[in-house]
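Chain residues, written in single-letter form:
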Amino acid sequence: MSHNSIHWFRKGLRLHDNPALIAALKDCRHIYPLFLLDPWYSNNTCIGINRRRFLIEALRDLDSSLKKLNSRLFVVSGPPTEVLPKLFEEWKITRLTFEVDTEPYSQSRDEEVMKLAKEYDVEVIPKISHTLYNIDRIIEENKGKPPMTYVSFQNVLKDIGPPKKPVPAPTKEDMKGVSTPFSEDHEEEFGIPTLEDLGLDTSSLGPDLFPGGEQEALRRLDEHMQRAAWVCKFEKPQTSPNSIIPSTTVLSPYIRFGCLSARTFWWRLTDVYRGKKHSEPPVSLHGQLLWREFFYTTAYGIPNFNRMEGNPHCVQVDWDNNPEYLAAWKEARTGFPFIDAIMTQLRQEGWIHHLGRHAVACFLTRGDLWISWEEGQKVFEELLLDADWSLNAGNWQWLSASAFFQQYFRVYSPIAFGKKTDKYGDYIKKYLPMLNKFPAEYIYEPWKAPRSIQERAGCIVGKDYPRPIVDHEVVHKKNIQRMKAAYAKRSPQDKDGKTITKGVKRKVTSILDMFEKKAKR
DNA sequence: TACAGAGTTGTGTGC
DNA sequence: AGCACACAACTCTGT
């Protein structure tokens, strides 16, 4: 039988390791590679200009790769449930393929689309290739609930075995007998819009340090995999959050959009490791991919994962509603140069080191400002090129000690932490030029510099750079007590003040049971 | 059921 | 420089 296939790109913006695309090409006469500009995202999330640019670059790269196979990318605006039925009819579609995505919106969207496809007699082929594993399988192997620690997660994976090997990109050979019916005015009808076409203000675009697209992703992967000794030695906690050149691979935006397959990355690492002594999870590069998989699993298996309320694993905390503090954090004017430099890099460049994320996340939540992690989550979602629903929610819960991580008395110092890897504050000077002439001994706490030194440096604290909005020493001690109270509420104590855990355990299990039953239905 | 042990990446002090 | 320790005492997993 000869099919007319749509391959619907959502994440997975690549040709390599794209099993759903390969499935679309089987016994196929006409292939329509499709990307939808779904208004749901603009209506429900805030996406910054740098992220939008990354997406458009990735689409352009995809189109250029498809051109080499005598095909083209079709870009259409509108809700999938409205656009797809029209295209099914217009293009006489018999088959729809796409990559599985586990985010809640994707799940409900795809469920609706599959119903519609049935009505139009369109065969649907979903394939797993965004994650290393089938997430359902991991949860099943762990008795129906997601593993809640990295070690137990690893134990489950031991039973499953290594991830599947990536599938090669389609070749001209695979395209024999397959064509894409595109017309001469393809650009007008189905072309990739520019940022201006989308009516976006491009005045705040930052430098294009990490251009989107599969070709750039594979180039970047090659570049790093050639450094075999570095790859084998890699230990995430030993990399610097405040180096001028990123100390890690910065492949995360590419993996987020699926320009790079996690499985391709995984097996390339395996090749580099082979026969050599190398670091191990959780700190190795394999370990980083497993962290991603870990949070994809918990995000899929835990209800209301991006919220505090209704999230059975999240400690319920009485965070302050403090718009002034939130704005100061978001706009890089907390008065702590280390924090403000990181927030500036985030806004301008769209990527900050994982430990930089730790520092600013701890500062916003349990460390200093006592503002809900959900607020921080929104800011990261807007500004991070690699903002990924599952990882963003999971890591914010981790850093705010709301879930996964409970040692809330371990607080990052906005002054001391950065000094470990950047004694002289070069990173701060790069992102906060007003502090450029400040002597190193005061660069992390400019308010302590004598007036004469501030004058000589041409930067008066309170005028040219803000005073610190909180006294870290005071506020972090207070916040540890507040965290203690939040945990005590969740975990009732006996008369000696010792925590009784069994009652809570039963409560959490029962909520999970309910969720499991719901999921089975 | 109870308990021991561990937990990706804290800070400050002292040797 | 690098390590041990106190700080105070959290939760999850496995036995």
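As annotated in an unreviewed UniProt entry, chain A carries the name Cryptochrome circadian regulator 5 and is attributed to Tor putitora. Quoted verbatim from the Sequence similarities (unreviewed entry) heading of the UniProt record, the comment on chain A is "Belongs to the DNA photolyase class-1 family."

Attention now moves to the packing of aromatic side chains. Considering all chains together, one arrives at 39 aromatic pairs under this definition. Three or more aromatic residues joined by ring pairs make a cluster, and in this case those are Tyr150, Phe153, Trp291, Phe294, Phe295, Phe305, Trp398, Phe404 and Phe405. Above the ring of phenylalanine 182, the side-chain terminus of arginine 72 is found at 5.9 Å from the ring centroid. Sitting over the face of the ring of phenylalanine 257, arginine 256 holds its NZ or CZ atom 4.5 Å from the ring centroid.

In the region of DNA strand B, 17 residues are neighbours, and Pro237, His354, His358, Trp398 and Ser413 sit closest. Each atom of DNA strand B within 4 Å of the protein was assigned to sugar, phosphate or base; sugar and phosphate come to 34%. In this structure, a phosphate oxygen belonging to DNA strand B sits 3.2 Å away from a side-chain N or O atom of lysine 420. Contributing elements (two or more residues each) for the surface near DNA strand B: α16 (354-367) and α19 (416-419).

Further remarks concern the environment of methionine 308. One can find methionine 308 in the loop between α13 (285-301) and α14 (323-330). Spatially, the C-alpha atom of methionine 308 lies 35 Å from that of threonine 97, the residues being 211 residues apart in sequence. The residues touching methionine 308, leaving out its near neighbours within four places in the chain, are Cys314, Val315, Gln316, Val317, Trp319, Trp373 and Glu374.

About the criteria used
Residues numbered from 1 in each chain as written. Chains lettered and ligands numbered in written order. Predicted model: local features only at pLDDT ≥ 70, side-chain atom pairs only at ≥ 80, totals over all residues. Heavy atoms only, no water. UniProt positions renumbered as here; feature names shortened; annotations may be inferred. Phe/Tyr/Trp six-rings, centres within 6.5 Å; stacked < 30°, edge-to-face > 60°. Lys NZ or Arg CZ within 6 Å of the ring centre and 35° of its normal. Near = heavy atom within 4 Å. Polar contact = N/O pair within 3.5 Å; in protein donor to acceptor, adjacent residues only side chain to side chain. Helix = DSSP H or I, 4+ residues; strand = E, 2+ residues; numbered from the N terminus. Contact = heavy atoms within 4.5 Å.

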